[in-house]
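# Examination of the molecular architecture
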Amino acid sequence: MNRIFFTSLLLFFIAGTISSAAKVEKWTWARGSLHTHTTNSDGDSPPQVIADWYRENGYNFLAITDHEKLTDPLPLDNNPNDNFILITGEELAMPGKGSPIHANAFGITETIKAPNRTLNAGRSVRRLVETIRDAGGIPMVNHPNWEKGLLHIDLLYIDGPYILEIANMGNGSLNEGNFARLSTEQIWDYLLSNGKEVYASATDDMHSIKDGPTGPNGPGKGWIVAKVPELTPKAVLTALSKGDFYASTGVELEDYSFDGERFYIKVRPKPGKSYMIRFVGKWGSILQETMGTSAIYKVTGKQEPNSYIRCKVICSDETVAWTQAFRID
């Protein structure tokens, strides 16, 4: 009897341990918008209308980022069981002469006043990012190519991890660059190749909800998908601070992972669409391209300092997804 009892007890303990481990490893993908405006700044609709649109169109979280104002999210989330939350946010614009320098602050508790810019754009954007961090916020540098705002060399001044909009889908963001400016994706690679820790985002920069997704500053064009253990503001903000998310303009990923040697990725396909999976390394070099909905890249050979690997998935409808970059030791 004792032997049977202790055997049963051991099996119960093992089962409980496995169950606990499963709970620890449980996570979900949460789709969210990080750059939206309301009538509290220069948007065309009240905060509740904006929140309702994103709630009703398959988003799990939203940051309202009005200019120079923290819009209180609490009155906008009146159903705790609708699988939709809001996180606090604000867009700060640096006053002073020169091209615009803007950044979003996430997770703040009150409106932040943007510092004055200096004559040097790099020092200015660093000051803006540090102001957001000092207020307890997570910084995202916005649309670097908009109105000739920031060059790639300006962003070298920023230390520590931060988010960078590489796909701001608002009007005039010049994500693709031109003969005089790197594309925003090239800026990202430049920073990564210089050892900077930068997380890429895609955003709507939504000002015109009334125009719908087809409007030049409408909703539903760029978002991130965060990997979170639960859908709470704390979990989402933690994911933002650690780069536990991918950016998308329409491509949905089933999963991806990198174990130090192998990068695995799987796409959740749209009917009738085809996909190219591109693995990208230091200075934006193309390491491998695979047609299909899944791929594996294996790291081989000695790596240079600041080497990394990231993945870009391109759909035949011209939508894209970008994973974050993983460092290769």
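Basis of the calculations
- Residues numbered from 1 in each chain as written.
- Predicted model: local features only at pLDDT ≥ 70, side-chain atom pairs only at ≥ 80, totals over all residues.
- Heavy atoms only, no water.
- Disulfide = S-S within 2.5 Å.
- pLDDT = per-residue confidence, 0-100.
- Contact = heavy atoms within 4.5 Å.
- Buried < 20%, exposed > 50% of the residue type's maximum accessible area, 1.4 Å probe, protein only.
- Helix = DSSP H or I, 4+ residues; strand = E, 2+ residues; numbered from the N terminus.
- 1 Å grid on protein atoms, 1.4 Å probe; cavity = no way out; pocket = protein on both sides within 12 Å on 5 of 7 lines; lining within 4 Å.
- Points joined across faces, edges and corners; volume = space filled by probe spheres on them.
- Nonpolar A, V, L, I, M, F, W, Y, C, P; charged D, E, K, R; others polar.
- Pairing = 2+ DSSP bridges.
- Phe/Tyr/Trp six-rings, centres within 6.5 Å; stacked < 30°, edge-to-face > 60°.
- Lys NZ or Arg CZ within 6 Å of the ring centre and 35° of its normal.

### Describing the state of the cysteines
Cysteine pairs can be linked by a disulfide, which is a covalent bond between their two sulfur atoms. Using the criterion set out here, one finds zero disulfides in the structure. Unpaired in this structure, C311 has its nearest cysteine sulfur neighbour in C315, at a distance of 14 Å.

### Concerning the confidence of the model for the protein
Taken residue by residue, the protein gives an average pLDDT of 92. The fraction at 70 or more is 92%. Taken as a whole, residues 1-24 scores under 50 in pLDDT and shows zero contacts with residues more than four places along the chain or in a different chain.

### Topic: helix α4 (residues 184-193)
Of all ten residues that make up α4, nine are buried, and the element is covered over most of its length. For α4, the full list of buried residues reads T184, E185, I187, W188, D189, Y190, L191, L192 and S193. For α4, the elements touching its buried residues are β7 (162-168), β8 (198-203), β13 (275-280), β16 (308-315), β17 (320-322) and β18 (326-327). Just downstream of α4 lies G195, where phi reads positive at about 85 degrees.

### With respect to empty space enclosed by the protein
As enumerated under the stated definition, the model contains one cavity of 30 Å³ or more in all. The volume enclosed by the largest cavity comes to roughly 30 Å³. What lines the largest cavity is simply L192, E197, V198, Y199, Q324 and A325. Broken down by class, the residue content of the lining of the largest cavity amounts to four nonpolar, one polar and one charged.

### Here we look at the pairing of β16
Burial analysis of β16 places seven of its eight residues in the buried class, which makes it a mostly covered element. Bridging between β13 and β16 involves six bridges; their strand directions are antiparallel. Pairing of I277 across the sheet is with V313, part of β16. Note that β16 and β18 share two bridges and pair antiparallel. Looking across to β18, one finds that Y308 is bridged to R327. Relative to β17, β16 runs antiparallel, the two sharing three bridges. Looking at β17, one finds that V313 is bridged to A321.

### Regarding the packing of aromatic side chains
In this structure the tally under the stated criterion is 17 aromatic pairs. Members of the aromatic cluster, connected to one another through ring pairs, are W27, W29, Y246, Y256, F258, F263, F279, Y297 and F326. Geometry around Y59 places R31 over its ring, the cationic atom sitting 4.1 Å from the centre. The aromatic ring of W223 is capped on one face by R31, whose charged end is 3.8 Å from the ring centroid.

### Considerations on the side chain of T36
By the secondary structure assignment, T36 is in strand β1 (residues 28-36). Judged by relative accessible area, which is 0%, T36 ranks as buried.

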